[in-house]
Every structure is written in structure tokens, then in C-alpha cells.
Amino acid sequence: MLCDVCKCNDATVFLTQILEGKMQKVNLCDACSKEKGVQDPTGFALADLLLGIGAAEEIEKGACYVTFAEGLNVLLKAMHKGTEHVGKLPERAHRVMQLNHRMRALTENLQKAVAEENYETAASLRDQIKQLQGDLPNSS
Amino acid sequence: MKFSNVLATAGEWLRGEGPHHQVVISSRVRLARNLRSRPFPGWAKKAERTSILELVRPRVEELPEMQDSFSESLQDLSALDRQVLVERHLISREHAAKGVGSAVVINRRQTLSIMINEEDHLRMQSIRSGLQLKQAFKLVDKIDSALESKLEFAYDPRLGYLTACPTNVGTGMRASAMLHLPGLVLSELINQVIQAVSKIGLAVRGLYGEGTEAMGNLFQISNQTTLGEREDDIINRLSKVIETIIEKEHDARQVLLQKKPNTLSDQIGRAYGVLTYAHAMASKEALNLLSIIKLGVDLGAFPEERRFSIDELFIETQPAHLQKTSQQKLNAEERDHLRAQIIRERLKLFPRPDISKLAREPGNGSANGPSNNE
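Bear in mind the structure is a predicted one, so any value in this text is a computation, not a measurement.

Quick word on the nonpolar core
Residue and element names in this part refer to chain B.
Next, step 1: Grouped together as the largest cluster of nonpolar side chains are 51 residues, with contacts concentrated most on Val29, Val60, Ile114, Leu122, Leu147, Ile242 and Ile245.
Next, step 2: Apart from the residues within four sequence positions on either side, Ile114 is in contact with Val60, Leu63, Met66, Ala103, Val104, Val105, Leu122, Arg123, Met124 and Ile143.
Next, step 3: Counting residues in hydrophobic clusters, the runner-up holds 41 residues, among them Trp13, Leu289, Leu330 and Phe350.

In C-alpha cells, the structure reads:
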């Protein structure tokens, strides 16, 4: 059996995983498995293998629910009562989200105002954005 | 607070007499939370876990509820001490296996325990005696709100609180009650109940949660789903189901009293006999027999004031507690010997079962036994 990646060497590493109820098999040769980090459990980035380089970084940032959204929805539907959260809202995160939302709207309006050469409005928007930036936590 | 203080006092949930305490041993609610933009503990490297711990732990320790708390890194706890905490349900078996970068903070009354870097960055749980899921939720919800004002949690407007395992996403809440159901087990109705409960999206588990065996007629019932339903609704649904099971358990006991009084007297008498005279007792056997003695107290065969000493034995005869009491490492054989000795000594103060109290029951023709005071 040939390696799925380089398609020239014999595969020696066989990876099987279940995704959305379907079995997927990946066969790799020694060199390619090393390159993909399959032989080093800590460096093993399944995401890299499946989604290309970059996915692991997303997981690192805690963004796996975004990265894997498509496959996850099927799973969530099967394991829960619904697919949308209807419970508690974290007050602060909620506020930050609202502020971010307002910030986006203001920025868009500002760009529009500048494009229309409506400088008076633009100046006012700029001030509002400045004020809002003060309210937003630095962590974002 | 030192570990010896934790050990010296039983958790309030064991001592307290919450509603329906004859059938419901304890109610627990846990919330799973994670920090935004940080890898989950399972993915995080040692340095990252440590930095998360350093960020979270002081915030937890400074909570007003955590004054004079027990706070310890997992790597600084011996394997035996961790096992003691597992037996008290203060940490999970998974957490006990953790090392560098994980910690636990427990309040003085042992009603609140916060695990840091378990499967999620934060696992906060509140435990109460009897059926008090709402009260347990209220406490842990308050803790969550207090922490949320200082830490930024991973939250998605659509998916709710993000958790390492998608089975917890949404509310991140698992509410559970530990039920003592000897009546349903003896009348062989327990499997029916388990099946019915599983069908409506609730889970039934053994003594120490997921993947553990049911011993001592103890069963944990919890919500299976966390997304698409409000916290209050989940707790109400669970409470209603538990109330129904309590009723079924009482019914089963009454039927046993009326139809099989001899079987019941025999079970109680044998349990009493073996526990009073045995010199080697495995943990599982002890739990199963103590369960029957507890049933005997419920049904009036033993005086009510002896209840607490039996409830205590459930915890004290667990392997780690035994070794902690004897202050030495014991092999299984030595443990079984010591366990039997402790039980024998405790039961010395126990009068013999008053079977006439049992026999009188069906004659009353009432659905409520003398000790069914709820």
C-alpha cells in the first residue's frame, strides 16, 4: 500500500478515525508521518492532517468550535436537545460582545462618512470610537 | 485549612438532613467553564496549564465563600489524599489523576469544590444533602457570576459556554442526585426504572459517576444534555423525575413489607449478623450490607438516632478513608480486616433489629411507614 501523501513510498503508519459517523483511513509512509507529526503524540496535529496547516493554531487559541463547526453541528444535534444555547449569559462577555458589535457599526459608518467626504459626521464618529475603545477591555 | 481538617470533619452533605434524605443522599450541580482564547487543559502544554492555574487560582481563593478554604495543587497531594477526596465526591476520579498545573479549592463546609484544569479550566461543583438541586445550583451559579466578573470565559452567542467536550457545551451544567434505592433493587424493578430514565434523556450511573459500578444500591441520576435547554428547566425536569423515583421506591418498600415481610426481615437480619460478626469485609460487600441496614433504619427496625453512624460508615469504610484512619498503607487483605473491625465496633452500639416493627407495618394498611415523614 502506498502513502496517501507522497504516493511513492510504502505506507507504514495507518490512521483510522470516525468523522460524522463515517470511517476515514489515512495511510502514511515513515517520512510523511514524521513530517505530519503523527509519530510524536504531543506534536500530533490531527487538525493539520485534516484541514491543512493552521488549524492547530486555531485550536491553540481555543477556536476549535469555529474550526470544526461543520462536523460539530451534526454531533451536537445528536447529543443535545437543541443546537442553540438558551441558558445563562455571562454578563461581561455579553457586554463585550455588544460593545464589539457597536464598534463594528461605528467603524463602518466612519468609513462610509469618509468616503462621502462628510467630515463633520466622521469627526463625531471618530470621537465615539475613541470613547468606546476606552470601555473595551484590552484582552480582546 | 489543612488536609487534616478536611479529613476530620464529614462534609455537611453527609451530616445534613435535606428533604427526602431517606432516599436522596445528596444533590450536586457542577458547571464547566473555560477561559477565552486559551487552549483547553487537554491540549495545553505544562507551561500553559501552569499559567492558567496561576491566573485562576487566586480569583477562586479570594471568593467570600472560599474563606479559610482548603486549596492545594494536585502534585502536592499524595495518591491516598486524592483518593480520600474522590471518596467524598470533592474531586473527580479524572482530576485525581492530574498532576502539575491542576489544583482544587474546597470551602470549609465541604459544600463547594472548584477543580482547576480538570477536563475544563474550571469545574465548579456544589453539593447538598438530600434533594436540593435548586439550592445547589443557586450557590454554584453565584460563584460562576462572581468569577465571571474577573475572568473572561469562553462563550459563543450561539453555542453558549464552550467546553473541552461537546457533550457539556451550552450551559456546561451537570446536575445529579445520589439515590439509595434498595426497595427497587430488592423488588427487581430497578432495571425498568433505569430504562425509563434513560429514555427521557437522563443518565443513570454508579457510585463514582461515569463508567462505575452500582454498589450499595446507590445510583446517580443526572442530565445528559446541556444545549438547547435553560438551566432552570433542566433542574426542574430532573427534580420531577427524581420525585417520581422517590415515590416508586417508597411504593416498592411498602409492597415488600406487605408481600414479602419474611424476605425483608431475613435480609435485614443477615446484614446485621454478617456486619456484627465478620472479620473480613470487602468494600463492595460492606456497602451492600450497610445499604440494607440503612433500609432497616428507614423502616423502623433500628432506632432513628443510629442513622448517622451508618451513613458515616458508607464513607469511612472506603479504601482510602480506611488507610487514612489507620495512618499506614494497607494491602487489600489488611483493609478488609480493618473494615470489618471498624464496622463491628460501630455495630456494638446497635440494638438487634426489631423485626416486630416491620411486621406491624402492613397491618396499619397505610401507604406511609412511620419513618416516611416527608
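And the narrative resumes.
Considering the sheet that holds strand β2 (residues 70-73) of chain B
All names here are of chain B.
Next, step 1: Taken in spatial order, the eight strands line up as β2-β3-β4-β5-β1-β8-β10-β9 in an open sheet, and their pairing is antiparallel. Both edges of this open sheet fall to β2 and β9 (202-205), since each of them pairs with a single strand only. When strand polarity is set aside, the average angle formed by the axes of neighbouring strands in this sheet is 15 degrees.
Next, step 2: Examined bridge by bridge, β2 and strand β3 (residues 103-106) share four bridges and lie antiparallel to one another. Looking at the pairing, Glu72 lines up with Val104 of β3.
Next, step 3: Contacts between helix α3 (residues 46-61) and the sheet are confined to β2, β3, β4 (112-116) and β5 (122-129), with β4 contributing the most and set at about 170 degrees to the helix.

Quick look at the environment of Leu63(B)
Residue and element names in this part refer to chain B.
Next, step 1: By the element assignment, Leu63 lies in the loop between α3 and β2.
Next, step 2: In this structure Leu63 comes out as buried when scored by relative accessible area, which is 1%.
Next, step 3: For the pair Leu63 and Ile114, spaced 51 residues apart in sequence, the C-alpha to C-alpha distance is 11 Å.
Next, step 4: Setting aside its immediate chain neighbours within four residues, Leu63 contacts Ile114, Ile143, Ala146, Leu147 and Lys150.

So, how was this worked out
Residues numbered from 1 in each chain as written. Chains lettered and ligands numbered in written order. Predicted model: local features only at pLDDT ≥ 70, side-chain atom pairs only at ≥ 80, totals over all residues. Heavy atoms only, no water. Core = buried A, V, L, I, M, F, W, Y, C linked by side-chain atoms within 4.5 Å. Buried < 20%, exposed > 50% of the residue type's maximum accessible area, 1.4 Å probe, protein only. Contact = heavy atoms within 4.5 Å. Pairing = 2+ DSSP bridges. Helix = DSSP H or I, 4+ residues; strand = E, 2+ residues; numbered from the N terminus. Axes fitted to C-alpha atoms, helices over the stretch in contact; angles between N-to-C directions.

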